[in-house]
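What follows is each chain in one-letter form.
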Amino acid sequence: MPRQEFMDLVQEIKASGKGREMTKKDFLWLFDNYEKRTSGNVWRINDYLHKEKMIVIPSYQSGWIYEIIELKEKDKVKIKKGEDCIDGFDPINRLSILEASVKTPISVKRDAKIDEAYLLLWQNDFTQLPVMNDDRTVLGIITWQTIAKGLITVKNSDCVKDFMSDKFKVLEEDTPLFDAIKEVIKTGVVFVRDKEKKIKGPVTPSDLNEEFIEQIEPFILLEQIENYIRLLLHDKIIFEDIYKLITIEDGRPVNSISDMNFGEYIKILENQEIWDSLCLPFDRINFTKNLDKIRIVRNGVMHFHPDKISKIELETLRKSSKFLEEFLTNK
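Predicted model only: the values in this text are computed from it and were never measured.

Here the focus is the confidence of the model for the protein chain. With 93% of its residues at a pLDDT of 70 or more, the protein chain has an overall mean of 89. For the protein chain, strand β5 (residues 84-85) is the element with the lowest average pLDDT, namely 48, and strand β9 (residues 190-193) is the one with the highest, namely 97.

So, in structure tokens, the structure goes:
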């Protein structure tokens, strides 16, 4: 057994996430008052390090006894976002992911003339306008409907405050998206309070439609592209040629083109002999390079990466799908 001082040090390193530097001689002594790297000592030390998921860099087992080493915890697998590790990863989509939730709203003051509200609604093609005297409080909303109701009831006023409605909701930006959706559907319009307590938005049903189309579109485009690739290969190649080029490592049966994955399509199309047999009127290298870009995008989409794909990646999918559609339609 290691000394208590050594076990305490291991727990301290785990708690802080920081390694500890020392000489190889001090390391051996700290473990159990040993200075020699006999096979028995090394076995006991390595067995303890393995159980505690610790590592020594560089190895203490050979070399100069006064060389500096670092005792540290083995690296753990972490969630990544791009190249940066996320310490506070949030598995829940929040209201703040919507583009509309970060926009500063165009508003009208409570004591403004109704003509000003007319102009702002008309110029911006809005259905509603928040009534705000500062950037932290929504006093009400004014809409074409509230104006119409006011005119019908012959309100003797030309002031915004007399045409306001209280049918809106203000939610915090970290509200779970599904909870926010319920409120948007219920009230028709939601405003967002950010971390600085400033009002953003509004979020309306049309914003939700745009968001979900943006979320779903990559899946639809990828399915279309994959189906187009299957059509390019359909009834053109034999199983013997497929088995020469790809290795089915996961034991799944490949009885048709539909049983193959996207990477396997690329590998087949990269083969010059098969490419020639397809008689396609475009460059093989550029075509398969573009498919490899799509494969990378596909991996992110199908593994539910926390970030949406970029506009450039989405445009790549759109153009590729359209290209293949037009080629196969006019073939």
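Next comes the rest of the description.
A few words on the pattern of salt bridges. Tallied over the entire structure, the rule returns 20 salt bridges. Residue arginine 193 is joined to glutamate 172 by a salt bridge in which the shortest nitrogen-to-oxygen separation is 2.7 Å. You can see arginine 193 sitting in strand β9 and its partner glutamate 172 sitting in strand β8 (residues 169-172), a full 21 residues away along the chain. On the basis of relative accessibility, which here comes to 22%, the residue arginine 193 falls in the partly exposed class. Given a relative accessible area of 30%, glutamate 172 falls into the partly exposed group. Between glutamate 326 and lysine 322 there is a salt bridge; the shortest N-O distance is 3.2 Å. A residue pair is termed a helical-turn pair when its members lie 3 or 4 positions apart in one helix, as glutamate 326 and lysine 322 do in helix α12 (residues 311-330) at 4 residues. On the accessibility criterion, glutamate 326 (40% relative accessible area) is partly exposed. In the salt-bridge network here, residues are joined through shared partners; they are Glu217, Glu315 and Arg318.

Let's shift gears to the sheet that holds strand β10 (residues 199-203). One open sheet holds the 3 strands; their spatial order is β8-β9-β10, and the pairing between them is mixed. Because the sheet does not close on itself, it has two edges, and the strands there are β8 and β10. Taking each pair of neighbouring strands and ignoring which way they run, the sheet shows an average axis angle of 30 degrees. Two elements, β8 and β9, share 4 bridges in a ladder whose sense is parallel. Across the sheet, residue leucine 171 finds its bridge partner in β9, namely valine 192. Each of β8, β9 and β10 touches helix α6 (residues 177-187); the most contacted strand, β8, lies at about 170 degrees to it.

Rules and cut-offs
- Residues numbered from 1 in each chain as written.
- Predicted model: local features only at pLDDT ≥ 70, side-chain atom pairs only at ≥ 80, totals over all residues.
- Heavy atoms only, no water.
- pLDDT = per-residue confidence, 0-100.
- Helix = DSSP H or I, 4+ residues; strand = E, 2+ residues; numbered from the N terminus.
- Salt bridge = Lys/Arg side-chain N within 4 Å of Asp/Glu carboxyl O.
- Buried < 20%, exposed > 50% of the residue type's maximum accessible area, 1.4 Å probe, protein only.
- Pairing = 2+ DSSP bridges.
- Axes fitted to C-alpha atoms, helices over the stretch in contact; angles between N-to-C directions.
- Contact = heavy atoms within 4.5 Å.

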